[in-house]
Amino acid sequence: AEAIPFLCIKGLMFLPMLIYYVGYSSIKGMLDLWTPVKLGILFQLLGMVFYPSFVFRPLNLGLAGIAWATVAAEIAAAITYIVIFKRRDIITDVRQVCKWPSVKGFIPLAVGGAGMLTREMVINYAFVRATRAVSAVDATGAAAAAHTVAIQVWQLGYVMLSAASSTAALVVPNVVGRYGQSW
């Protein structure tokens, strides 16, 4: 019974999450490796503060609080990346972020990102299934809140590991190309 409102609330995060992911990847693609790492850690820590606050005191939203906390953290991340893009003159107007791409421009993005999209869908599916299973344990939301905090700790490690692998994927080929080293 609680899963439907939970998923409806969580559905509000998809556009902010898309902006966050595109911002994260775009800035890494410009070889600014530290900004996404710092922001990723910041948003994971923000989530760790939000989850107990939304589920228990002061908001006492129960299981729905987990979804609202996630939405709030994703909106904060999306706004942060939009502000960074505006400050760096990557975009001049916020409407550019929400504009539909042309089909001609979208096809290469879809083909190139299909593997990453599949990976992220599987990870998110696993998180939703695990949250659903934990929420069935008790109606108070205590187990779900504890589970969500544990997932945040895991995601913090995941962000750091992903940042290290992305950094290596960008830096190592540049170093090898520049200095002619073969490993």
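Residues numbered from 1 in each chain as written. Predicted model: local features only at pLDDT ≥ 70, side-chain atom pairs only at ≥ 80, totals over all residues. Heavy atoms only, no water.

Engineer: Please clarify how a nonpolar patch on the surface should be interpreted in this entry.
Structural biologist: There is a patch of nonpolar side chains on the surface, built from Leu 12, Leu 59, Leu 61 and Trp 68 and spanning about 360 Å² of accessible area. Locating Leu 61 in the fold gives a position in the loop between helix 3 (34-55) and helix 4 (63-87). (Patch = residues over 30% accessible without salt bridge, like charges linked within 9 Å, V, L, I, M, F, W, Y side chains within 5 Å. Areas by Shrake-Rupley, 256 points an atom, 1.4 Å probe, with all protein chains shown as cover. Salt bridge = Lys/Arg side-chain N within 4 Å of Asp/Glu carboxyl O. Helix = DSSP H or I, 4+ residues; strand = E, 2+ residues; numbered from the N terminus.)

Engineer: What exactly am I supposed to notice about the packing of aromatic side chains here?
Structural biologist: Centre distance and the angle of the planes are the two values used to describe a pair of aromatic rings. For the structure on display, the rule yields 5 aromatic pairs. Where Tyr 20 meets Tyr 21, the ring centres are 5.6 Å apart and the plane angle is 40°; that geometry is what we call tilted. When its relative accessible area of 33% is taken as the criterion, Tyr 21 is described as partly exposed. With a centroid separation of 5.7 Å and 45° between ring planes, the pair formed by Tyr 20 and Tyr 81 is classed as tilted. Of this pair, Tyr 20 sits in helix 2 (residues 14-29) while Tyr 81 is found in helix 4, placing the two residues 61 residues apart along the sequence. Exposure class is identical for Tyr 20 and Tyr 81. Each is buried. Through a chain of ring-to-ring contacts, three or more aromatic side chains come together here, namely Tyr 20, Tyr 21, Tyr 24, Phe 43 and Tyr 81. (Phe/Tyr/Trp six-rings, centres within 6.5 Å; stacked < 30°, edge-to-face > 60°. Buried < 20%, exposed > 50% of the residue type's maximum accessible area, 1.4 Å probe, protein only.)

Engineer: I'm lost on unusual backbone geometry in this one. Help?
Structural biologist: When glycine is set aside, most residues are seen to have a negative phi, and most peptide bonds are trans. A cis geometry characterises the amide bond from Arg 57 onward to Pro 58, with omega recorded as 10°. Secondary-structure assignment places Pro 58 in the loop between helix 3 and helix 4. Positive phi, close to 60°, is recorded for Asp 89, a residue that is not glycine. Examined against the element boundaries, Asp 89 turns out to sit in the loop between helix 4 and helix 5 (103-135). Judged by its relative accessible area of 62%, Asp 89 is exposed.

Remember that the coordinates give geometry; whether it matters functionally is a separate question.
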